[in-house]
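Residue-level structure breakdown
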Amino acid sequence: MVPAPGHAGVAIMWRRSLQHCVIPLNKIGNDRVCGIKVILSDRKVIFIFSVYLPPANSKIADFGEVLDELEEVVVRCSLEGDVIVVGDMNAHLGVKGGPIGWGSTTKNGKLLLDFMTRQSFVAADMLDFCAGPNYTFRNHSGCSHVDHVLMPSYLCKNIQDIHIIPDTVENTSDHLAVYTVLDVGNFKYRVNSTLHSSKLAWDKMSRGLIKQLYTNELNRRLLPCRDKCLESKVFSEDVLEEVVQNITCTLQEVGNQAIPKRKFNKLERSYQYDKR
């Protein structure tokens, strides 16, 4: 029996070129929340969560319960890196939400404000430099601002652009998108494949030089990974995947920095010239 196609839900998309530094968080425990862990070049990490919180009149899920589950995940991830939460939160924050907030705070909005206070979050989409319409949702009952970008207040200085995209005929949703550009630093280094591929020329270095430039640096760079393994009491799938990714990327980085390369052109072919 073929299952029916899914609808609604949450998702996060990223460029394929960033696959090496993005780890999906598969075991969050609630289908209204999905997240990824992004590894940056300075060994820092940032967590991004996309959420769809229940509306006030939902008979399927309770707003407060889902928010509590989200907060547990946020608290746990905050111990390791910065956390950003985005999505349809079905919570109008009103004038208490920020400089461009308007109207009264809804019941869900009060719960979300309490969550933001506990986590030192601000709604970046309600700061005075957020341009565009002052609402993100419209239906026959009116307008409201229920889609938000929540982040720690200290990250707001890294916002390069944020605005609510006005409605267009191409938009088939009742919601407006909140476009946000945030400078989080450089992503983790990755070796790019080019026309001229390269192999490491180990034979061009002595054993002593390899130990000095490669082995010693590799040991130093892998110490955090070793410590993480020793500290982990339970090796979950996510932890193992992160460890393998870190080791693989570290081997590539150190090898490309320390060992000379032997280049060749993939497109060149050997052939025999017929003199006849």
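The structure displayed is predicted, hence computed values, not measured ones. Throughout this description, residue numbers start from 1 for each chain and increase along the sequence as written. Selection of residues for local features in this predicted model requires a pLDDT of at least 70, selection of side-chain atom pairs for listing and counting requires 80 or more, and totals for whole chains, interfaces and linings are taken over all residues. In computing side-chain values, all of the structure's heavy atoms are included and hydrogens and water are not.

Aromatic contacts are taken between Phe, Tyr and Trp rings whose centres are within 6.5 Å, Trp giving its six-membered ring; a plane angle under 30 degrees counts as stacked, one over 60 as edge-to-face, and the others as tilted. Under the defined criterion, the tally for this structure stands at 2 aromatic pairs. Considering the side-chain rings of phenylalanine 115 and phenylalanine 121, the 5.8 Å spacing of their centres and the 75° angle between planes classify their relative orientation as edge-to-face. Type-normalised accessible area, obtained with a 1.4 Å probe on protein chains alone, sets the label of each residue: buried when under 20%, exposed when over 50%, and partly exposed for intermediate values. Overall, the relative accessible area of 7% leaves phenylalanine 121 in the buried class. The interplanar angle of 90° and the centroid separation of 5.1 Å between the aromatic rings of tryptophan 202 and tyrosine 214 together place this pair among those described as edge-to-face. Note that tryptophan 202 is positioned in the loop between β11 (196-200) and α3 (207-231) and tyrosine 214 in helix α3, a separation of 12 residues in sequence. Take tryptophan 202: its relative accessible area is 35%, and that puts it in the partly exposed class. A run of DSSP states H or I qualifies as a helix once it reaches four residues; a run of E qualifies as a strand once it reaches two. Both are numbered from the N-terminal end.

Right, let's get into the sheet that holds strand β3 (residues 45-52). Across the sheet, which stays open at both edges, the 6 strands sit in the order β1-β2-β3-β4-β8-β5 with mixed pairing between neighbours. Looking along the sheet, the strands with just one partner apiece sit at the ends: β1 (22-25) and β5 (121-123). Averaged over neighbouring strand pairs, the angle between their axes works out to 20° when direction is ignored. At least two DSSP bridges between two strands are needed for those strands to be called paired. As judged from the 7 bridges shared by β3 and strand β4 (residues 82-88), these two strands associate in the parallel manner. Residue isoleucine 46 lies in a different strand from β4, and its bridge partner there is aspartate 82. Axes, fitted as lines to C-alpha atoms, cover a helix only where it is in contact. Angles between the N-to-C directions of the axes lie from 0 to 180 degrees.

This brings us to the layout of surface pockets. Here the term cavity refers to a set of points on a 1 Å grid, laid over the protein atoms alone, in which a 1.4 Å probe fits but cannot get out; the term pocket refers to an open set having protein on both sides within 12 Å along at least five of seven lines, with lining residues being those that place an atom within 4 Å of a point. Grid points are joined across faces, edges and corners, and a volume is the space filled by probe spheres set on the points. Considered as a void within the structure, the largest pocket measures approximately 1,300 Å³ in volume. Met13, Ile48, Val86, Val178 and Thr180 are, among the 41 residues lining the largest pocket, the residues nearest its centre. Of all the secondary structure elements, the ones that give two or more residues to the lining of the largest pocket are β2 (33-39), β3, β4, β8 (147-152) and β10 (178-182). Under the scheme applied, nonpolar residues are Ala, Val, Leu, Ile, Met, Phe, Trp, Tyr, Cys and Pro; charged residues are Asp, Glu, Lys and Arg; polar residues are all the others, including Gly. Residues that form the lining of the largest pocket fall into these classes: 28 nonpolar, 9 polar and 4 charged. Lining the second largest pocket are 30 residues, and of these Lys37, Phe47, Glu80, Lys228 and Glu242 lie nearest its centre. Contributions of two or more residues to the lining of the second largest pocket are made by β1, β2, β3, α1 (63-78), α3 and α4 (237-258). For the lining of the second largest pocket, the class distribution of residues is 15 nonpolar, 4 polar and 11 charged.

Below, the discussion takes up the nonpolar core. Generally speaking, a soluble globular protein has its nonpolar side chains buried in company with each other. Residues grouped as a nonpolar core are buried Ala, Val, Leu, Ile, Met, Phe, Trp, Tyr and Cys residues, joined through side-chain atoms within 4.5 Å. Formed by 51 residues in total, the largest nonpolar core has its most connected members in Phe49, Val85, Leu112, Phe115, Met116, Leu150 and Met151. With 7 residues, α1 is the largest single contributor of residues to this core. In what follows, residue pairs with any heavy atoms lying within 4.5 Å of each other are defined as contacts. Leaving out residues up to four positions away in the same chain, methionine 116 has contacts with Leu93, Phe121, Val122, Ala123 and Leu150. Counting 7 residues, the second-largest nonpolar core is a separate cluster that includes Ile210, Tyr214, Leu218 and Ile259.

Another aspect to go through is the confidence of the model for the protein. Each residue carries a pLDDT score, the predictor's confidence in it, ranging from 0 to 100. When the pLDDT values of the protein are averaged, the result is 84; 85% of them are 70 or greater. β11 is the least confidently modelled element of the protein, averaging 58 in pLDDT, while β5 averages 97, the highest of any element. Residue range residues 189-197 is modelled with pLDDT below 50. Its contacts to residues more than four positions away, or to other chains, number 18 contacts. Ignoring residues within four places in sequence, the model shows residues 266-276, a span with pLDDT below 50, making 3 contacts including any to other chains.

Salt bridges are defined as contacts in which a side-chain nitrogen from Lys or Arg sits within 4 Å of a carboxyl oxygen from Asp or Glu. Within this structure, the stated rule accounts for 5 salt bridges. The closest approach of N and O atoms between glutamate 71 and arginine 118, which form a salt bridge, is 2.8 Å. Here the residue glutamate 71 occupies a position in helix α1, and arginine 118 occupies one in helix α2 (residues 107-119), the gap between them amounting to 47 residues. Under the relative-accessibility criterion, arginine 118 is labelled partly exposed at 47%. With a closest N to O distance of 2.7 Å, glutamate 217 and arginine 220 form a salt bridge.

In a helix, the anticipated span is given by 1.5 Å times the number of residues less one. The terminal C-alpha atoms of α3 lie 33 Å apart, and with 25 residues this matches the ideal 36 Å at 1.5 Å per residue to within 8%. At leucine 222, α3 shows its maximal kink, close to 40°; a proline, proline 224, follows between one and four residues later. Those residues of α3 lying buried are Ile210, Tyr214, Leu218, Arg221 and Cys225. The term bend refers to the angle at a residue between two fitted axes, each drawn through seven residues, those ending there and those starting there.

Take α1 next. With 16 residues, α1 extends 22 Å from end C-alpha to end C-alpha; this agrees with the ideal 22 Å at 1.5 Å per step. Buried residues of α1: Phe63, Gly64, Val66, Leu67, Leu70, Glu71, Val73, Val74 and Cys77, and no others. Of the surrounding secondary structure, the elements contacted by the buried residues of α1 are β2, β3, β4, α2 and β5. Throughout this description, a polar contact denotes any pair of N or O atoms lying within 3.5 Å of each other; where both atoms belong to protein, one of them has to be capable of donating a hydrogen while the other can accept it, and for residues adjacent in sequence the pair is counted only when both atoms sit in side chains. For α1, the side-chain oxygen to backbone nitrogen distance between the N-cap and glycine 64 is 3.1 Å, and the N-cap itself is aspartate 62.

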